[in-house]
Amino acid sequence: MRKCFDIPYGPLETQKIDLWLPQAETFDLYVHMHGGGLETGDRRCQEAFPRYLTQRGVGLASVEYRLLPEAAYPAFIEDAAAAAAWVKRNIHAYGRVRRLFVGGSSAGGYLSMMLCFDRRWLAAHGLSPLDFDGFFHDAGQPTAHYNVLKSRGFDPLRVIVDASAPLYHVGEDPQYPPMHFVVSDNDMPNRLEQTRLMLSALKNFGYDMTKITLELCHGEHTQYYDRLTPEGESVYGEMVCRALEEMAAHS
């Protein structure tokens, strides 16, 4: 496994990427945004996760982005788009990428949905969601993110669908790349119902639902993220690899 850490995709200290790459020169790559409610977390991850991916020919680009309250909406979305664009345009220096996927967990899932459904953010870099081979949306909030609401003075429990919500933008584009959604049966309050509403909205607009899959996990919000099998393998790594294979079959 090759490790290339602290790579800048922008001028700020938080605008960094860590690359975990297979030894082979040709590989798939997954661009990952971490969770933490848009107010905590960073690009560092448990090594079992990238190790699982790289042993199966998949590289990981782990992205750090600006956070609340030091930064305000939409800084974290701008960073996610800038990082994805940097990878798209510069990863050739590290090897030959067959397929390039974008995703994230929890707050990172919200960010991946915003890049997928609101074309403005990638368009700022001359890209569109269709320039990627699929999106992995793990336990993200399809409505306006609760901490974005809180920063605006709203009750974070409110369900608001405005331009800051991925759901608001469904139907703006005639097609999307393949997607894999993950949510838990005992997830954050209303997260399961909102995720189902997102899929229902996609179906209502006539999108090809054979390219859109939902994985329903048993347990609490992202409980699987740092979990290891008895053999010490990353449960989340297995989930991501399986999802990437499914999306690649439909790209």
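Located above this text is the structure these notes cover.
This text gives an overview of the structure that appears in the document. Bear in mind the structure is a predicted one, so any value in this text is a computation, not a measurement. (Residues numbered from 1 in each chain as written. Predicted model: local features only at pLDDT ≥ 70, side-chain atom pairs only at ≥ 80, totals over all residues. Heavy atoms only, no water.)

**Observations concerning the overall build of the protein**
- If you tally the helices and strands in the protein, you get seven helices and eight strands.
- Relative to its length of 251 residues, the protein is compact, with a C-alpha radius of gyration of 17 Å against a globular reference of 18 Å.
- A principal-axis box enclosing the C-alpha atoms of the protein has dimensions of 45 × 40 × 35 Å.
- Taking all 251 residues of the protein together, the buried fraction comes to 54%.
- Within the protein, contacts between residues at least 6 apart in sequence are counted, and of these 75% link residues at least 24 apart.
- Summed over its atoms, the accessible surface of the protein is roughly 10600 Å², and 51% of this surface lies on carbon and sulfur atoms.
- Positive and negative side-chain charges in the protein, numbering 24 and 32 respectively, have mean positions lying 4 Å apart. (Helix = DSSP H or I, 4+ residues; strand = E, 2+ residues; numbered from the N terminus. Rg over C-alpha atoms; globule rule 2.2 N^0.38 Å. Buried < 20%, exposed > 50% of the residue type's maximum accessible area, 1.4 Å probe, protein only. Contact = heavy atoms within 4.5 Å. Areas by Shrake-Rupley, 256 points an atom, 1.4 Å probe, with all protein chains shown as cover. Lys, Arg positive; Asp, Glu negative; His and termini not counted. Charge placed at Lys NZ, Arg CZ, Asp CG, Glu CD.)

**Section: the pattern of salt bridges**
- Applying the stated criterion across every chain yields a total of 17 salt bridges.
- The residue D118 makes a salt bridge to R120 at a minimum N-O spacing of 2.6 Å.
- Because the salt bridges share partners, they merge into one network encompassing D6, D18, R43, R44 and E64. (Salt bridge = Lys/Arg side-chain N within 4 Å of Asp/Glu carboxyl O.)

**With respect to the layout of surface pockets**
- Reported here for the largest pocket is a volume of approximately 220 Å³.
- Together, Q141, Y146, P156, L157, R158, V159, M188, P189, N190, R191 and Q194 line the largest pocket.
- Split by residue class, the lining of the largest pocket holds six nonpolar, three polar and two charged. (1 Å grid on protein atoms, 1.4 Å probe; cavity = no way out; pocket = protein on both sides within 12 Å on 5 of 7 lines; lining within 4 Å. Points joined across faces, edges and corners; volume = space filled by probe spheres on them. Nonpolar A, V, L, I, M, F, W, Y, C, P; charged D, E, K, R; others polar.)

**A closer look at the side chain of R2**
- Positionally, R2 belongs in strand 1 (residues 2-8).
- Within the buried set, R2 has no salt-bridge partner at all; the shortest N-O distance to an opposite charge, 4.2 Å, is to E25.
- Reaching out from R2, the side chain makes a polar contact with the backbone oxygen of Y94 at a distance of 2.9 Å.
- Once residues within four sequence positions are removed from consideration, R2 is found in contact with L19, W20, L21, P22, Q23, A24, E25, F27 and Y94. (Polar contact = N/O pair within 3.5 Å; in protein donor to acceptor, adjacent residues only side chain to side chain.)

**Re the pairing of strand 6 (residues 134-138)**
- Within strand 6, five of the five residues are buried, which leaves it mostly tucked inside the rest of the structure.
- Every second residue of strand 6 is oriented toward a common face, with G134, F136 and D138 on one face and F135 and H137 on the other, all of them buried.
- Of the pairings in the sheet, the one linking strand 5 (residues 96-105) to strand 6 comprises five bridges and is parallel in character. The residue bridging S105 from the neighbouring strand is D138, located in strand 6. (Pairing = 2+ DSSP bridges.)

**Some thoughts on the sheet that holds strand 7 (residues 179-186)**
- One open sheet holds the eight strands; their spatial order is 1-2-4-3-5-6-7-8, and the pairing between them is mixed. Two strands bound the open sheet, and with one partner strand each, they are strand 1 and strand 8 (212-220). Sheet twist, expressed as the average angle between the axes of neighbouring strands with direction ignored, equals 20°.
- Note that strand 7 and strand 8 share seven bridges and pair parallel. From the neighbouring strand, H180 faces strand 8, where its bridge partner is T213.
- Along the sheet, helix 6 (residues 191-204) contacts strand 7 and strand 8; its crossing angle with strand 7, the most-contacted strand, is approximately 150°. (Axes fitted to C-alpha atoms, helices over the stretch in contact; angles between N-to-C directions.)

**A short note on the nonpolar core**
- Ranked by internal contacts, the top residues of the largest apolar core, which has 53 residues, are L115, F117 and L202.
- No other element matches the ten residues that helix 2 (residues 75-90) contributes to this core.
- By size, the runner-up hydrophobic cluster in this structure holds 21 residues, among which are W20, V182, V240 and A243. (Core = buried A, V, L, I, M, F, W, Y, C linked by side-chain atoms within 4.5 Å.)

**A few points about the environment of A85**
- In this structure, A85 sits in helix 2.
- A85 sits 39 residues away from A124 along the chain, and the two C-alpha atoms are 9.5 Å apart.
- Beyond its immediate stretch of four places on either side in the chain, A85 contacts H125 and L127.

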